[in-house]
Amino acid sequence: MFNKFGIIAAQQLNGGTLTRADAVAILRSNDDELMELMAAGSLLRRAHFGNMVKVNYLVNLKSGLCPEDCHYCSQRLGSAAQILKYSWLKPEEAVEQATVGIRAGASRVCLVASGKGPSNHDVARVADMVDRLKEEHPQVEVCACLGILKQGQAEKLQAAGVDAYNHNLNTSESRYADICTTHEYEDRVRTVGHAKDAGLSPCSGLIVGMGESDVELIDAVFALRDLGSESIPVNFLMPFDGTPLEGTWLLTPGTCLRILALVRFACPSTELRMAGGREMHLRSLQPLALQVANSLFLGDYLTSEGQEAQADLAMIADAGFHVLGATPSTDHHSGVTLRQRGAGTHVAPNA
């Protein structure tokens, strides 16, 4: 049988560059082709990352109270979302929170703070946190996500021991003004460039499901490729009540898989992370997504709860993958739960 996605994967393995026509074919593949697409994407994933999954852990250093108006964000200016709101964690609190994720298997900790960008005092504050964290866990990678950087701040973070910097492009340049008016797309591109020039690993990704067209989505993915992002988190819109995009449910599990496959084909050797919203949009197909994605966030997100960490680890193991840096384990059994409802009882059945 003619396998067009297998041919595209072979071209990528031989150093080819994904074309726009092939990108469209991936996004518009039908359900009968979905498993073929995932199998071809898996060839690329395994060629570069084997059967390893990199586990990342988020620590929200400062929640809410943001002056920016990003329409997708629960922390935005004017948000009515009932999220936790607090100012900066103390350094010891940040280290304590990070340690929880590291002990669960995370090899990278992402330190995140809301706001347009850090002051120099904020950079010094984060540097102190990083110093304490690496003193306790010298092997851990640290990624900072503090917003738009000013000149010289990336260098200070790199000198403090930060390994990577995250600043997502989120969507295409042509669509950016539709989701944010308080800063510009170019501000984000410039910040990723500052991080890269300072020797920090550039981490930049997407939020999908905001009404973008296929063309706009391809533009955004190709922009990340051209930018040289070494880690691409794909977030699936969580339409928080109290934000402009509340009630926006445009994604299906199949659509999410196609988007992840697009990123893998466009950037075969790049760390691809299925990030926020994976549980509510991929649902039961999360394990299948690991055939193209080689990274995920463990547990909770910035302002929303995620899948339980032990469920994440069991999912990774059950899919035949291993957590990067951890000793493989097959002990994920939860035991038998005896039936106490339905026939023979006065309790309604589980149906």
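Before reading further, recall that the structure is shown in the block above.
Everything quoted here is computed from the prediction, not taken from an experiment. (Residues numbered from 1 in each chain as written. Predicted model: local features only at pLDDT ≥ 70, side-chain atom pairs only at ≥ 80, totals over all residues. Heavy atoms only, no water.)

Asker: Would you mind showing me how to read helix α10 (residues 253–266) here?
Answerer: Helical geometry note: an α-helix holds 3.6 residues per turn, so side chains three or four residues apart project in the same direction. Here α10 spans 20 Å end to end across 14 residues, near enough to the 20 Å set by a 1.5 Å rise per residue. Across the 14 residues of α10, 13 count as buried, placing the element largely inside the fold. (Helix = DSSP H or I, 4+ residues; strand = E, 2+ residues; numbered from the N terminus. Expected span 1.5 Å × (residues − 1). Buried < 20%, exposed > 50% of the residue type's maximum accessible area, 1.4 Å probe, protein only.)

Asker: How do you make sense of the packing of aromatic side chains when you look at a structure like this?
Answerer: How two aromatic rings sit relative to each other is set out by the distance from centre to centre and by the angle between their planes. Taken as a whole and judged by the stated rule, the model has 1 aromatic pair. Summarising the aromatic geometry, the rings of Tyr176 and Tyr185 are spaced 6.1 Å apart at their centres and angled 65° between planes, so their arrangement reads as edge-to-face. Summarising the burial analysis for this pair, Tyr176 and Tyr185 share the class buried. The cationic tip of Arg225 hangs over the ring face of Phe222; the distance from NZ or CZ to the ring centre is 4.1 Å. Positioned above the aromatic ring of Phe297, the side-chain terminus of Arg273 is 5.2 Å from the ring centre. (Phe/Tyr/Trp six-rings, centres within 6.5 Å; stacked < 30°, edge-to-face > 60°. Lys NZ or Arg CZ within 6 Å of the ring centre and 35° of its normal.)

Asker: Mind showing me how you'd approach the pattern of salt bridges here?
Answerer: Side-chain pairs of opposite charge can arise where the charged atoms are in close proximity. What the rule picks out here adds up to 16 salt bridges. The residue Glu271 makes a salt bridge to Lys54 at a minimum N-O spacing of 3.5 Å. Pair noted here: Glu271 is in strand β8 (residues 271–274) and Lys54 is in strand β1 (residues 52–62), with a separation of 217 residues, a long-range link. Residue classification places Glu271 among the buried positions, given a relative accessible area of 7%. For Arg190, the salt bridge goes to Asp187, with nearest N and O atoms at 3.0 Å. Of the two residues, Arg190 and Asp187 are both situated in helix α8 (residues 185–197); the distance of 3 residues between them amounts to about one turn of the helix. (Salt bridge = Lys/Arg side-chain N within 4 Å of Asp/Glu carboxyl O.)

Asker: Please explain the layout of surface pockets as it appears in this structure.
Answerer: Where empty space is left in the structure can be found by rolling a water-sized probe over the atoms. By volume, the largest pocket amounts to about 370 Å³. Together, 18 residues line the largest pocket, and Asn60, Tyr86, Asp300, Tyr301 and Leu302 are the ones closest to its centre. Listing elements by their share of the lining of the largest pocket, those giving two or more residues are β1 and α4 (91–103). Its residues placed into classes, the lining of the largest pocket shows 9 nonpolar, 6 polar and 3 charged. (1 Å grid on protein atoms, 1.4 Å probe; cavity = no way out; pocket = protein on both sides within 12 Å on 5 of 7 lines; lining within 4 Å. Points joined across faces, edges and corners; volume = space filled by probe spheres on them. Nonpolar A, V, L, I, M, F, W, Y, C, P; charged D, E, K, R; others polar.)

Asker: Any chance you could explain the side chain of His281 here in plain terms?
Answerer: Mapped onto the elements, His281 comes out in helix α11 (residues 278–281). Judged by relative accessible area, His281 falls into the buried class, the value being 1%. Engagement of the side chain of His281 in a polar contact is seen with the backbone oxygen of Leu237, the distance being 2.6 Å. When near neighbours in sequence (up to four residues on either side) are disregarded, His281 contacts Phe236, Leu237, Trp249, Leu251, Thr252, Pro253 and Cys256. (Polar contact = N/O pair within 3.5 Å; in protein donor to acceptor, adjacent residues only side chain to side chain. Contact = heavy atoms within 4.5 Å.)

Asker: Which parts of the structure should I look at to understand the nonpolar core?
Answerer: Soluble globular proteins tend to bury their nonpolar side chains together. Among the nonpolar cores identified, the biggest contains 96 residues, and Leu61, Phe265 and Met274 are the most heavily contacted of them. The greatest single-element share of this core, amounting to 9 residues, is contributed by α10. Beyond its immediate chain neighbours, meaning those up to four positions away, Met274 contacts Val234, Phe236, Leu260, Leu282, Gln286, Ala289, Leu290, Ala293, Ser295, Leu296, Phe297 and Met315. Listed in part, the 14 residues of the second largest apolar core include Leu58, Ala81, Cys110 and Met238. (Core = buried A, V, L, I, M, F, W, Y, C linked by side-chain atoms within 4.5 Å.)

Asker: How should the packing of helix α2 (residues 20–27) against α10 be read in this particular structure?
Answerer: In a packed pair of helices, the relevant descriptors are the angle between the two axes and the axis-to-axis distance. Where α2 contacts α10, the axes come no closer than 9 Å and their chain directions differ by 155°. One way to sum up the angle between α2 and α10 is to call them roughly antiparallel. As α2 runs across α10, the sense of the crossing is right-handed. Contacts between α2 and α10 pair Ala23, Ile26 and Leu27 from the former with Arg258, Ile259, Ala261, Leu262 and Phe265 from the latter. For the contact of α2 with α10, the per-class residue count stands at 7 nonpolar, no polar and 1 charged. (Axes fitted to C-alpha atoms, helices over the stretch in contact; angles between N-to-C directions. Parallel < 35°, antiparallel > 145°, perpendicular 65-115°, else oblique. Left-handed = near helix turned anticlockwise from the far one by under 90°.)

Asker: Would you take a moment to explain the pairing of strand β2 (residues 108–113) for this structure?
Answerer: Within a regular beta strand, the side chains point alternately toward one face of the sheet and then the other, so they alternate between its two faces. The element β2 is extensively covered by neighbouring structure, given that 6 of its 6 residues are classed as buried. What you see with β2 is no split at all: Arg108, Cys110 and Val112 on one side and Val109, Leu111 and Ala113 on the other are buried throughout. Of the pairings in the sheet, the one linking β1 to β2 comprises 6 bridges and is parallel in character. By the bridge assignment, Val59 is partnered in β2 with Leu111. As paired elements, β2 and strand β3 (residues 141–145) share 5 bridges and run parallel to each other. Bridge pairing links Arg108 to Glu141 in β3. Once the chain exits β2 it traverses helix α5 (residues 120–136) before rejoining the sheet at β3, and the crossover so formed is right-handed. (Pairing = 2+ DSSP bridges. Right-handed = clockwise from strand over helix to strand, strands pointing away.)

Asker: Please explain empty space enclosed by the protein as it appears in this structure.
Answerer: Taken as a whole and judged by the stated rule, the model has 2 cavities of 30 Å³ or more. Each pocket or cavity is described by its volume, and for the largest cavity that value is around 860 Å³. Forming the walls of the largest cavity are 42 residues, and the residues nearest its centre are Tyr72, Cys73, Gln75, Asn168 and Leu302. For the lining of the largest cavity, the secondary-structure elements that each account for two or more residues are β2, β3 and β7 (231–236). Along the lines of polarity and charge, the residues of the lining of the largest cavity split into 23 nonpolar, 14 polar and 5 charged. In this structure, the second largest cavity spans a volume of roughly 40 Å³. Along the walls of the second largest cavity sit Asn170, Thr171, Ser172, Leu206, Ile207, Val208, Glu212, Glu216, Leu217 and Ala220, which together make up its complete lining. Of all the secondary-structure elements, those providing two or more residues to the lining of the second largest cavity are β6 (206–208) and α9 (214–227).

The quantities given are spatial measurements derived from coordinates; they are silent on function.
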